[in-house]
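Single-letter residue listing:
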Amino acid sequence: DRRLSLQQRFPADINIKLPVVIEASDIAAVTSVLKDSQDDDTVRNEAANLLHRSKYRQLPGILIEILGQAAEKERFRTFALQHLTAMLEETEAYDTEAIGKRIEEALADRHPGVRREALMALVRVRHPKGAQTALEWLKASGPEARAYRDVAIRCVCELDLKDQIPTIREFARDEDPVVRIAAIGALSTW
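Within each chain, residue numbers correspond to sequence positions counted from 1 in written order. Residue-level local features of this predicted model are given only where pLDDT is at least 70; pairs of side-chain atoms are given and counted only at 80 or more, and the full residue set underlies all totals for whole chains, interfaces and linings. To get the side-chain values, all heavy atoms of the structure are used, and hydrogens and water are removed first.

Student: When you look at helix H8 (residues 112-124) in this model, what are you seeing that I'm missing?
Tutor: At 3.6 residues per turn, the α-helix brings residues three or four places apart onto the same side. With 13 residues, H8 extends 18 Å between its outermost C-alpha atoms, agreeing within 8% with the 18 Å of an ideal straight helix rising 1.5 Å per residue. Burial runs high along H8: ten of the 13 residues are buried. Residues of H8 that are buried: Gly 113, Val 114, Arg 115, Arg 116, Glu 117, Ala 118, Leu 119, Ala 121, Leu 122 and Val 123. A helix here means a DSSP run of H or I that spans at least four residues, while a strand means a run of E at least two residues long, and both kinds are numbered starting from the N terminus. The span expected for a helix works out to 1.5 Å for each residue beyond the first. The cut-offs for exposure are 20% and 50% of the maximum accessible area for each residue type, with area from a 1.4 Å probe on protein chains only; residues under the lower value are buried, those over the upper are exposed, and the others partly exposed.

Printed below as a string of structure tokens:
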């Protein structure tokens, strides 16, 4: 019921009050909230969390469908990708091949936030495309490349690609403070 406040719809202790949904009617209700692009992003995210806790096997398909919807906004699409990433590591519960393929496709997504999230996901699970893309984005030039430089630096660091230290050292003096911070952070980690 959208007339209720966020706290009434999803209280802070929802994990305790409603750890899982089992009944088909409850699953249908939570799924309808998740699919409703007009609903609040926080509520939809909690709906996805609830379905994930419930090990709802159709959840990846719904999230993949959401990623493909033209009406979906960038913020919730990044949330959907985060949920898919969490499921990617649960090889016995979900079809990780389909999830991995969709995350890999998201590297070319229309929304920069989704592309960034896709790279971090692939690096987190040590997918070969993650390392390849991180290096490409690190070395790319042009205005669009700047939007991804910080995440590329963080991913190269997470992959422990120390042979890139000279390249990253150059970005420690970058004019963009976000890139500078990422470079200094990576260098201090090493």
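So, next bit.
Student: Would you mind going over helix H3 (residues 24-35) with me for this structure?
Tutor: Its twelve residues give H3 an end-to-end C-alpha distance of 16 Å, which sits within 8% of 16 Å, the value for a rise of 1.5 Å per residue. For H3, the set of buried residues is Ile 27, Val 30, Thr 31, Val 33 and Leu 34. Along the axis of H3, the buried residues cluster in a sector spanning 155°; they form a single face. The exposed residues of H3 that point more than 90 degrees off its buried face are Ala 24 and Ser 25. Buried residues in H3 make contact with helix H1 (6-9), helix H4 (41-53), helix H5 (59-67) and helix H6 (74-88). An arc is given here, and it is the one of the directions from the helix axis to the C-beta atoms. A contact between two residues is defined here by any heavy atoms of the two lying within 4.5 Å.

Student: Whenever I open this one, the pattern of salt bridges confuses me. Can you help?
Tutor: Opposite charge on two side chains lets them pair, provided their charged atoms get close. The salt bridge criterion pairs a side-chain nitrogen of Lys or Arg with a carboxyl oxygen of Asp or Glu, the two atoms within 4 Å. Applying the stated criterion across every chain, the model contains ten salt bridges. Lys 101 serves as the salt-bridge partner of Glu 105, at 3.7 Å between the closest nitrogen and oxygen. Of the two residues, Glu 105 and Lys 101 are both situated in helix H7 (residues 96-105); the distance of four residues between them amounts to about one turn of the helix. Judged by relative accessible area, Lys 101 falls into the exposed class, the value being 54%. Taken together, the salt bridges that share partners define one network made up of Arg 116, Asp 150 and Arg 154.

Student: Looking at this model, I keep getting lost on the nonpolar core. Mind explaining?
Tutor: Within soluble globular proteins, side chains that are nonpolar generally end up buried alongside one another. Buried Ala, Val, Leu, Ile, Met, Phe, Trp, Tyr and Cys residues form a nonpolar core when they are joined through side-chain atoms within 4.5 Å. Core analysis: the biggest nonpolar cluster contains 55 residues, and Leu 34, Ile 103 and Ile 153 have the highest contact counts within it. Filtering out sequence-adjacent residues up to four positions away, Leu 34 remains in contact with Arg 44, Ala 47, Ala 48, Leu 51, Leu 59, Ile 62, Leu 63, Ile 66 and Phe 76.

Student: Even after reading the chapter, I still don't get the packing of H3 against H4, so can you show me in this structure?
Tutor: The relative placement of two packed helices is expressed as an angle between their axes plus a distance between the axes. Packing of H3 against H4 leaves a shortest axis separation of 8 Å and a crossing angle of 140°. On the basis of their axis angle, the class for H3 and H4 is oblique. Our pair here, H3 against H4, has a crossing hand that is left-handed. From H3, Ile 27, Val 30, Thr 31, Val 33, Leu 34 and Lys 35 reach across to H4, where they touch Val 43, Arg 44, Ala 47, Ala 48, Leu 50 and Leu 51. Here the contact of H3 with H4 is composed, by residue class, of nine nonpolar, one polar and two charged. The angle between two axes is taken between their N-to-C directions and runs from 0 to 180 degrees, where each axis is a line fitted to C-alpha atoms and a helix contributes only its stretch in contact. For classification, angles of less than 35 degrees are called roughly parallel, those exceeding 145 degrees roughly antiparallel, those between 65 and 115 degrees roughly perpendicular, and all remaining angles oblique. Each helix crossing is assigned a hand: it is left-handed if the near helix lies turned anticlockwise from the far helix by less than a right angle, otherwise right-handed if that turn is clockwise. Residue polarity is assigned by list, with Asp, Glu, Lys and Arg as charged and Ala, Val, Leu, Ile, Met, Phe, Trp, Tyr, Cys and Pro as nonpolar; anything else, Gly included, falls into the polar class.

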